[in-house]
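Spelled out from the first residue to the last, the chains are:
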Protein chains: 2
Amino acid sequence: MESVWTRPPRRPKAPGLDRAQIVREAMALLDAEGLDALSMRRLGGRLNAGATSLYWHVATKDELLELVLDEVYGEFRAHDSEHGGWREVMLGFAYAMRDSLIRHAWAIPLIGTRPAIGPQALRVMSRLTNTFDQAGFEGFDTEYATAVVLSYVLGAVAPEAAWKTMTVRGGGDAQAVRAAMRPLLAEAAAGHPDLLARFDSYEHEDPAVLRALSFDFGLGCVLDGLAARLDRQATGSRPSSARPAGKESPAS
Amino acid sequence: MESVWTRPPRRPKAPGLDRAQIVREAMALLDAEGLDALSMRRLGGRLNAGATSLYWHVATKDELLELVLDEVYGEFRAHDSEHGGWREVMLGFAYAMRDSLIRHAWAIPLIGTRPAIGPQALRVMSRLTNTFDQAGFEGFDTEYATAVVLSYVLGAVAPEAAWKTMTVRGGGDAQAVRAAMRPLLAEAAAGHPDLLARFDSYEHEDPAVLRALSFDFGLGCVLDGLAARLDRQATGSRPSSARPAGKESPAS
DNA sequence: ACCTGAACACCGTTCAAGT
DNA sequence: ACCTGAACACCGTTCAAGT
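Just so you know, the residues in each chain are numbered from 1, in the order the chain's sequence is written. Written order determines the labels here, with chains lettered from A and ligands numbered from 1. Per-residue local features of the predicted model are confined to residues with pLDDT of at least 70, and side-chain atom pairs are confined, for both listing and counting, to 80 or more; whole-chain, interface and lining totals are unaffected and use all residues. Note that the side-chain values use all heavy atoms of the structure and ignore hydrogens as well as water.

## Quick word on the packing of aromatic side chains
Residue and element names in this part refer to chain B.
For step 1, the next point in the chain: A pair of aromatic rings is counted whenever rings of Phe, Tyr or Trp (Trp by its six-membered ring) have centres within 6.5 Å, and the orientation is called stacked for planes under 30 degrees apart, edge-to-face for over 60 and tilted otherwise. What the rule picks out here adds up to 22 aromatic pairs over all chains.
For step 2, the next point in the chain: The interplanar angle of 80° and the centroid separation of 5.5 Å between the aromatic rings of Phe-132 and Phe-137 together place this pair among those described as edge-to-face. Residue Phe-132 shares its accessibility class with Phe-137, and that shared class is buried.
For step 3, the next point in the chain: Measuring from ring centre to ring centre gives 6.3 Å for Phe-140 and Tyr-144, while their planes differ by 25°; the resulting arrangement is stacked.
For step 4, the next point in the chain: Exposure classes here rest on a 1.4 Å probe applied to the protein chains alone. A residue is buried below 20% of its type maximum, exposed above 50%, and partly exposed in between. Given the relative accessible area of 23%, Phe-140 is considered partly exposed.
For step 5, the next point in the chain: Residue classification places Tyr-144 among the buried positions, given a relative accessible area of 9%.

Put into structure tokens, the structure is as follows:
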């Protein structure tokens, strides 16, 4: 027997998947359960769709990851200020990038693994290079300056995020993780008593504060180094290098 | 019918797996085919063993990855010099770390994702902190200094390795990758003509040289920033921060 | 144009069983 | 002590078929 009622209505559940919705749901899943938990099947399930339906909107899982990664780049400029000198802009950017990457720790293995050429990534690049351009950097130094800021923040946040992932897995208690790690480290650091002493000296410090201070210290180094190069350039000194000034040609 | 000849000899193939051998073979596979290509089954096959045999020596695939990662840390001190000031030591270290990470690009998503507490990682940490300690850094600044060097190198090498992976996949021709990327970038950078102009300005430069210069520039910034902090500390100035000197309390 | 299910060729890991 | 095979519960992706 046939009837309107036996035949299911045209589209019972979601009013059609689209790319934005898929990306949004993927991010939610990633934030909640991490990189390993994202599978096309699970994601499909969350969207009331077959796993394979996603392949209409997205060529491959890897492509989906590029999309969510670009979304993260979009957050990097969330709370940075437009005004102030280049140093203020970079400070604001660096902290925004740090916050975002800590919030989306799963993004860290993705960033740097695939090229940053999504629209949001390009916006970020454009903003930073223009800032350094206006600050007075010339030629390739403008890109190098951009690169060092991005590199530092990425590299600094990576261990922070790893630590966060571990504490979340371990039940959220930072002190417990510390306690669990201590004997492990004690054994491994048998030949390095200095390391153990240092580790113990953290005992009564708030780890979150230490990490923030460490980030700030490193960021300060980078920005000071950039300022020094800007000065030298303005006063027409020699081009800069990692070797200390005056030692470029080690008089043989 | 039974006989010595019908019964296979005690151990026909490998004289027994061991952890070192497994780790070595895993690294060979990773170097040759990348992170995605490493599976317990494939690795077992390469060792003339059942995939599940590996689980006697290694609790889990993740644990195996920790082992190979620590091996990479071991290479970081391959060609750095013992003598010279802290700056020379850090230069040598940074370049050794860069070389090693570019050679083992698969290690980049692993590093920072899991804690660096293997024996080789601890050796590296110990060496760097001791160097900064002797250089005159005090208290937590010693660890912060170590952290900024490690962070910078890691963050700087990540995109380099990504680029290398892409060119290897694309057949090894750097210029071809550039050519393939240009239209892609042209479309994406519609709203950012400055970016496209910059990209085109690389045209006649050797990408390897540009990357090396970029690395050197950033490393110089970091080391200069550290040197400045060391000076300030020696002369008893205020503790350092990412904010520029004299702007710590923005007089409201 | 968009979605589905079945199917293919893989995974990591467990475990009882062998030597 | 060390290794194996079968088995479980997953993967990403393809593709002919549906609406």
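## Some remarks on the protein's contact with DNA strand C
For step 1, the next point in the chain: The local shell around DNA strand C holds 19 residues, among which Ser53(A), His57(A), Arg41(B), Thr52(B) and Thr60(B) are the closest.
For step 2, the next point in the chain: Each residue is tested against the molecule or strand, and it is near if at least one of its non-hydrogen atoms lies within 4 Å. The sugar-phosphate share of atoms of DNA strand C within 4 Å of the protein amounts to 51%.
For step 3, the next point in the chain: As used in this structure description, the phrase polar contact means that two N or O atoms lie within 3.5 Å; if the pair is within protein, one of them must be able to donate a hydrogen and the other to accept it, and residues adjacent in sequence are counted only when both atoms belong to side chains. Residue Thr60(B) places a side-chain N or O atom 2.5 Å away from a phosphate oxygen belonging to DNA strand C.
For step 4, the next point in the chain: Here a phosphate oxygen of DNA strand C sits 2.8 Å away from a polar atom, N or O, in the main chain of Lys61(B).
For step 5, the next point in the chain: Only DSSP runs of H or I covering at least 4 residues are called helices, and only runs of E covering at least 2 are called strands; the numbering of each starts at the N terminus. Those elements that provide at least two residues to the surface near DNA strand C are helix H3 (54-57) of chain A together with helix H2 (40-46) of chain B.
For step 6, the next point in the chain: The element contributing the most residues to the surface near DNA strand C is H2(B), with three residues.
For step 7, the next point in the chain: For this classification, the nonpolar set comprises Ala, Val, Leu, Ile, Met, Phe, Trp, Tyr, Cys and Pro, the charged set comprises Asp, Glu, Lys and Arg, and every other residue, Gly included, is treated as polar. Residue composition of the surface near DNA strand C, grouped by class: six nonpolar, eight polar and five charged.

## Some thoughts on the relation of the copies chain B and chain A
For step 1, the next point in the chain: In superposing the copies, a least-squares fit is computed on C-alpha atoms, taking residues whose pLDDT is at least 70 in both. Expressed as a screw operation, the relation of chain B to chain A combines 0.0 Å of axial shift with a rotation of 180°, fitting to an RMSD of 0.0 Å. Such a combination of turn and shift is consistent with a two-fold rotation axis.
For step 2, the next point in the chain: By residue overlap, the copies meet face to face through one surface: 100% of the interface positions of chain B are interface positions in chain A. We call two residues in contact when some of their heavy atoms are within 4.5 Å.

## Side note on the packing of helix H8 (residues 174-188) of chain A against helix H9 (residues 193-201) of chain A
Residue and element names in this part refer to chain A.
For step 1, the next point in the chain: For helices, the axis comes from a line fit to the C-alpha atoms of the stretch in contact; other axes are also lines fit to C-alpha atoms, and the angle between any two N-to-C directions lies between 0 and 180 degrees. It is at 10 Å that the axes of H8 and H9 come closest, and there the two elements cross at 170°. One finds that H8 runs roughly antiparallel with respect to H9. Residues Arg-178, Met-181, Arg-182, Leu-185 and Ala-186 of H8 form the contact with H9, whose own contacting residues are Leu-196, Phe-199 and Asp-200.
For step 2, the next point in the chain: Class assignment for the residues of the contact of H8 with H9 results in five nonpolar, no polar and three charged. Any angle from 65 to 115 degrees is called roughly perpendicular, while one under 35 is roughly parallel, one over 145 is roughly antiparallel, and all others are oblique.

## A closer look at the protein's contact with DNA strand D
For step 1, the next point in the chain: Arg41(A), Thr60(A), Lys61(A), Ser53(B) and His57(B) are the nearest of the 19 residues found near DNA strand D.
For step 2, the next point in the chain: Counted by atom, the contact set of DNA strand D within 4 Å of the protein is 52% sugar and phosphate.
For step 3, the next point in the chain: Met40(A) is positioned such that a nitrogen or oxygen atom in its backbone is 2.9 Å from a phosphate oxygen of DNA strand D.
For step 4, the next point in the chain: Separating a phosphate oxygen of DNA strand D from a side-chain N or O atom of Thr60(A) is a distance of 2.5 Å.
For step 5, the next point in the chain: Listing elements by their share of the surface near DNA strand D, those giving two or more residues are helix H2 (40-46) of chain A together with helix H3 (54-57) of chain B.
For step 6, the next point in the chain: For the surface near DNA strand D, a count of residues per class yields six nonpolar, eight polar and five charged.

## Some thoughts on the nonpolar core
For step 1, the next point in the chain: For this analysis, a nonpolar core means a set of buried residues of the types Ala, Val, Leu, Ile, Met, Phe, Trp, Tyr and Cys, connected via side-chain atoms within 4.5 Å. Core analysis: the biggest nonpolar cluster contains 120 residues, and Phe76(A), Leu101(A), Leu226(A), Phe76(B), Leu101(B) and Leu226(B) have the highest contact counts within it.
For step 2, the next point in the chain: Discounting residues that sit within four places of it in the chain, Leu101(A) has contacts with Val72(A), Phe76(A), Ala107(A), Ile108(A), Ile111(A), Leu154(A) and Val157(A).

## Points about the packing of helix H5 (residues 86-103) of chain A against helix H10 (residues 207-234) of chain A
Residues and elements named next belong to chain A.
For step 1, the next point in the chain: The geometry of H5 relative to H10 is characterised by a closest axis approach of 11 Å and an angle of 145° between their N-to-C directions. Taken as a pair, H5 and H10 cross one another with a handedness that is right-handed. Side by side, H5 and H10 meet where Trp-86, Arg-87, Met-90, Leu-91, Ala-94, Tyr-95 and Arg-98 of the first sit next to Arg-211, Ala-212, Phe-215, Asp-216, Leu-219, Gly-220, Leu-223, Asp-224, Leu-226, Ala-227 and Leu-230 of the second.
For step 2, the next point in the chain: Here the contact of H5 with H10 is composed, by residue class, of 12 nonpolar, one polar and five charged. Handedness of a crossing follows from how the near helix is turned relative to the far one, being left-handed for an anticlockwise turn of less than a right angle and right-handed for a clockwise one.

## A look at the interface of chain B and chain A
For step 1, the next point in the chain: Residue-level contacts link 69 residues of chain B with 69 residues of chain A.
For step 2, the next point in the chain: Of the roughly 5500 Å² buried at the junction of chain B and chain A (both faces included), carbon and sulfur atoms supply 65%.
For step 3, the next point in the chain: What makes a salt bridge here is a side-chain nitrogen of Lys or Arg within 4 Å of a carboxyl oxygen of Asp or Glu, nothing more. Linking chain B with chain A are eight salt bridges, by the criterion used here.
For step 4, the next point in the chain: In this structure, the salt-bridge partner of Asp133(B) is Arg198(A), at a minimum N-O distance of 3.9 Å. Buried area counts how much accessible surface, traced with a 1.4 Å probe, disappears from two parts once they are put together, with both parts' losses summed.

## Some remarks on H8(A)
Residue and element names in this part refer to chain A.
For step 1, the next point in the chain: For a helix, the expected span equals 1.5 Å multiplied by the number of residues minus one. Compared with the 21 Å implied by 1.5 Å per residue over 15 residues, the 21 Å span of H8 between its first and last C-alpha is a close match.
For step 2, the next point in the chain: Remark: the principal bend of H8, roughly 30°, maps to Arg-182, with a proline, Pro-183, within the next four residues.
For step 3, the next point in the chain: Of all the residues in H8, the buried ones are Val-177, Arg-178, Met-181 and Leu-185. Given a residue, its bend is the angle between the two axes fitted to the seven residues that end at it and to the seven that start from it.

## Topic: the confidence of the model for chain A
All names here are of chain A.
For step 1, the next point in the chain: pLDDT is a residue-level measure of predictor confidence that goes from 0 to 100. With 87% of its residues at a pLDDT of 70 or more, chain A has an overall mean of 86.
For step 2, the next point in the chain: When mean pLDDT is compared element by element in chain A, H3 scores highest at 98, while H8 scores lowest at 79.
For step 3, the next point in the chain: Contacts for the low-pLDDT stretch residues 245-252, under 50 throughout, to residues beyond four places or in other chains number three contacts.

## Some thoughts on the state of the cysteines
For step 1, the next point in the chain: When two cysteine sulfur atoms lie within 2.5 Å, the pair is treated as a disulfide. For the structure shown, the criterion picks out zero disulfides over all chains.
For step 2, the next point in the chain: Cys221(A) provides the cysteine sulfur closest to Cys221(B), a residue in no disulfide bond, and the two sulfurs are 11 Å apart.
For step 3, the next point in the chain: Classification of Cys221(B) as buried rests on a relative accessible area of 0%.

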